[in-house]
Amino acid sequence: MTTTAVTHIASLVTNDPSLGNGTPLGLIQDAAVVIDGDRIVWTGESSKAPATDNVLDAAGRAVIPGFVDSHSHLVFAGDRTQEFNARMSGQPYRAGGIRTTVAATRAASDEELSANVARYLAEALHQGTTTFETKSGYGLTVEDEARALRIASRHTDEVTYLGAHIVSPDYADDPAGYVDLVTGPMLEACAPHARWIDVFCEQGAFDGDQARAILTAGRAKGLHPRIHANQLTYGPGVQLAVELDAASADHCTHLTDADVDALGQGNTVATLLPGAEFSTRATWPDARRLLDAGATVALSTDCNPGSSFTSSVPFCIALAVRDMGMTPDEAIWSATAGGAAALRRTDIGRITPGARADLVLLDAPSHVHLAYRPGVPLVSAVWRSGQRVA
């Protein structure tokens, strides 16, 4: 293996508070990073960098960890342009629009679905995302959910079984029967291809008792819970997530004081998805309230064709700073280390010795520019597992 040093970094975000300025970001000014194979082996001041086989001069630009997008729905076909147009013309967002994507996804070939995943991943990679999670949920039959997970697993290890996205149209008159399917034959077929199990706990989808049954069944098959919680209304999702030690409760838009306290005291990450609020003109999650309560917060795209059709973590960072009460430092941490926490990973989301060498070079002197210059393509280069990939 050859070693590579990236030197003369104006501002390096390590996400290691023992380094640099001692803040959660562990900022080091005029810094360098040394990569050996797929790992970070050294970080520090550029003047003290050890000798390496190769040197790249960052020329006064910033380096941050690769973004960790811990919530996406990329195995789908078709789009929902008409629904978006109607929503922007005054119609409210409802969960039922998912059925449109279910029909298109069922009709698509494996090759078409895999090509779509690859396309959106390439978009995300060029915007700095080096790790992503993605879900099933647009098949809602045993065969279609299993094939979605097989396709997803070709592209990432962070695969989530979401047979409980909505009640399948085939079971519109028998939701209890669909829960039995999700926790029985569908789970048996899907569990070998997934790491996680998820459920949309919401009016129009699954109630608290149904969500508990689904997540408990998945956990018994070795899948760890995560949950769509409290997006459209107040509900039991967040409390259930903390009770079941879910890795993350995602959306967290409508929270009681008890919900906030539970997230502040538990291990469950509150994953906020500002692209969804932007695309549905919904109430913004109050990140400040969660952070002040001591909750761990992640930021992700929720990339999906219905309610958040963006693959851009930088866009979500800008939204979080502008409309959700986050500082630029908090937003960059949540989009990197926070996403890693939501996936219960310690090898990504940071630039410190032993971590996977996932780095993003910005065409800017500071990570603050991601919020300061919204919509501008600031990602200059991307390394994933030590390889320059963009």
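A brief structural summary. For clarity, every value in this text was computed on a predicted model and none was experimentally measured.

As for the pairing of strand E13 (residues 269-272)
Burial along E13 is two-sided: Val269 and Thr271 facing one way and Ala270 and Leu272 facing the other are all buried. Running through helix H9 (residues 257-265), the crossover from strand E12 (residues 248-251) to the neighbouring parallel element E13 is right-handed. As paired elements, E13 and strand E14 (residues 297-299) share 3 bridges and run parallel to each other. Bridge pairing in E14 links Thr271 to Ala298.

Details of the environment of Pro236
Summarising the element assignment, Pro236 is placed in the loop between strand E11 (227-229) and helix H8 (237-243). When the C-alpha positions of Pro236 and Val13 are compared, they lie 36 Å apart, and in sequence the two are 223 residues distant. Setting aside anything within four residues of it in sequence, one finds Pro236 in contact with Cys201 and Gly208.

Concerning helix H4 (residues 142-153)
Across its 12 residues, H4 extends 17 Å between first and last C-alpha, which sits within 8% of the 16 Å expected from 1.5 Å per residue. Next to the buried residues of H4 lie helix H2 (98-107), helix H3 (110-125), strand E7 (129-135), strand E8 (158-164) and helix H6 (185-190).

Focus: the packing of aromatic side chains
As enumerated under the stated definition, the model contains 7 aromatic pairs in all. Arranged with centres 5.8 Å apart and planes meeting at 75 degrees, the rings of Phe76 and Phe309 form a pair that is edge-to-face. In this pair, Phe76 sits in the loop between strand E6 (67-69) and helix H1 (81-88) while Phe309 sits in the loop between E14 and helix H12 (313-323), placing the two residues 233 residues apart along the sequence. Here Phe76 falls in the buried class, since its relative accessible area comes to 0%. Considering the side-chain rings of Tyr171 and Tyr178, the 5.5 Å spacing of their centres and the 55 degrees angle between planes classify their relative orientation as tilted.

Remarks on unusual backbone geometry
We note that Asp30 has phi near 45 degrees; this positive angle belongs to a residue other than glycine. Residue classification places Asp30 among the partly exposed residues on the basis of a relative accessible area of 44%. Its identity is not glycine, yet Asp245 carries a phi of approximately 55 degrees, on the positive side. Checked against the element boundaries, Asp245 lands in the loop between H8 and E12.

Basis of the calculations
Residues numbered from 1 in each chain as written. Predicted model: local features only at pLDDT ≥ 70, side-chain atom pairs only at ≥ 80, totals over all residues. Heavy atoms only, no water. Buried < 20%, exposed > 50% of the residue type's maximum accessible area, 1.4 Å probe, protein only. Helix = DSSP H or I, 4+ residues; strand = E, 2+ residues; numbered from the N terminus. Right-handed = clockwise from strand over helix to strand, strands pointing away. Pairing = 2+ DSSP bridges. Contact = heavy atoms within 4.5 Å. Expected span 1.5 Å × (residues − 1). Phe/Tyr/Trp six-rings, centres within 6.5 Å; stacked < 30°, edge-to-face > 60°.

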